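Chain by chain, the residues run as shown.
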Amino acid sequence: MWSFDLVAQVTANTTSGQHIILVDDGVWVKNDELETESSSAIDFKHSPFKENIALLLEVAEERERVAFGNNYRTELNISKCMAAISKIQSEGNQEKMEQLKSIYKKLTDQQKKDTKEYTAISKMVDQIKQIPSYSVKKQREMILVAANELDVEIQAEMKETNATAAENKNVRKVEDKVEVADCRYAILDGVKEKRHIELSSLPIFTYTSPQLKQYFKERELMETDVSLVQKDKRIYLRLTVHIISRDAAKNYGYIPKGSMLRFRLINNTNVNLYAEEDIRFEIENYTGNAIYSGLFPVMSEDLDPLRRMPIDSLGIMWSSGFEMYDIYNVDAVMQLFNCLQSIQ
């Protein structure tokens, strides 16, 4: 077995802004000397739930430090493994070379997992910091979601209170469109009993196949957004795929009616949705991009996992075959469900 030990003591900043230091026992802790503007020193005094928010932030920041440490160790081990490969290659020892290549493959696979976990928890830290800026109702909803995801027991007596006009300053109504902080939607049917709500879309992933990376350089072949639609009491997920090459779109074909849209959640479970109708591309006039946009009904048993669990990857069943994509905006669907819940 190969072992690469972590011995250097270093300081770093996490994605959410924590100043941390690696202590002798290999644990990352907050660097008190640099914590003059501590990420924990968020002003909670205007929130009726300040104790709960502080608790959630403490737990989330600790998990972010652990995730950062895991990611850092893996990256260091990859670096040392690459150095060992270079050395063994010059010696011509084929058996050791094969061993090192196998270890390198395992390390890079682990790095992908570590990076996604670190990204997810860092985003949660940022979301918890933002809770006090929302209306009281929204704060309560966000706290309940975060507590469930972090498995933290919050105060049982936490109750929704009436928000004052000042607390609702983030809410602005304009004709048939409402903005609630970063939650935007349009009501397309004014009849309350049969209203049609369409949320603004959020980006979820970009993709360019390795064979085309050199050709597209800084651009991505595929950019994909998701949104939610509520018609009467039915909820649909809208998938919108932008492909910047008409020829590439022709190679993908279309998404047939009943084709699977697979969400691989970060807890290694799957949620499968199925296309309501054939989804074929249309050419956008001013860009020339091929645009796919279609609805996938969300079944009642799929609502809870999509509301509460970040997404690791997404698979689309094209007419040309099934393809999986890594997700960078892992909590996009969770954000959309939070938005939909806030306007019910």
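These figures come from a predicted structure and were not determined experimentally.

Parameters at a glance
Residues numbered from 1 in each chain as written. Predicted model: local features only at pLDDT ≥ 70, side-chain atom pairs only at ≥ 80, totals over all residues. Heavy atoms only, no water. Buried < 20%, exposed > 50% of the residue type's maximum accessible area, 1.4 Å probe, protein only. Helix = DSSP H or I, 4+ residues; strand = E, 2+ residues; numbered from the N terminus. Arc of directions from axis to C-beta. Pairing = 2+ DSSP bridges. Axes fitted to C-alpha atoms, helices over the stretch in contact; angles between N-to-C directions. Contact = heavy atoms within 4.5 Å.

Engineer: Tell me about helix α6 (residues 300-308), residues and numbers included.
Structural biologist: Within α6, the full set of buried residues consists of Asp-302, Leu-303 and Leu-306. Down the axis of α6, the sector holding all buried residues measures 115°, keeping them to one side. Facing away from the buried side of α6 by more than 90 degrees, the exposed set consists of Ser-300 and Glu-301.

Engineer: Residues and numbers for the environment of Asn-148, please.
Structural biologist: Position of Asn-148 relative to the elements: it lies in helix α3 (residues 136-150). Spatially, the C-alpha atoms of Asn-148 and Arg-308 are 7.6 Å apart, while their sequence positions differ by 160 residues.

Engineer: I'd love a proper account of the pairing of strand β2 (residues 19-22), names of residues and values included.
Structural biologist: The alternating pattern of β2 places Ile-20 and Leu-22 on a buried face, while none of His-19 and Ile-21, on the opposite face, is buried. Here strand β1 (residues 11-13) pairs with β2 via three bridges, running antiparallel. Looking across to β2, one finds that Ala-12 is bridged to Ile-20. With antiparallel pairing between neighbouring strands as the criterion, β1 and β2 make up a hairpin whose turn holds five residues, including Gly-17 at a positive phi of roughly 105°. As defined by bridge partners, β2 adjoins strand β3 (residues 28-30) across three bridges and the pair is classed as antiparallel. Its bridge partner being in β3, Ile-20 is matched across the sheet by Lys-30. Hairpin connection of β2 to β3: five residues between the antiparallel strands, including Gly-26 at a positive phi of 85°.

Engineer: Just give me the short version of helix α7 (residues 332-342), but keep the residues and values in it.
Structural biologist: Counting buried residues in α7 gives nine out of eleven residues, a clear majority hidden from the surface. Regarding α7, the residues found buried are Ala-332, Val-333, Met-334, Leu-336, Phe-337, Asn-338, Cys-339, Leu-340 and Ser-342.

Engineer: An account of the sheet that holds β1 is needed here, citing residue identities and associated values.
Structural biologist: Here three strands make up an open sheet; going across it, the order is β1-β2-β3 and the pairing antiparallel. Single-partner strands in this sheet number two, and they are β1 and β3. Across the sheet, the mean angle separating the axes of adjacent strands is 35° when strand polarity is ignored. Those strands touched by helix α1 (residues 50-91) are β1, β2 and β3, and its axis lies near 140° from that of β3.

Engineer: Account for the environment of Tyr-254, with residues named and values stated.
Structural biologist: For Tyr-254, the location among the structural elements is in the loop between α5 (246-252) and β11 (260-265). Tyr-254 gets classed as partly exposed once you look at its relative accessible area, which sits at 25%. Separated by 63 residues in sequence, Tyr-254 and Met-317 have C-alpha atoms that sit 9.0 Å apart. Beyond its immediate stretch of four places on either side in the chain, Tyr-254 contacts Asp-278, Ile-279, Arg-280, Tyr-292, Trp-318 and Ser-319.

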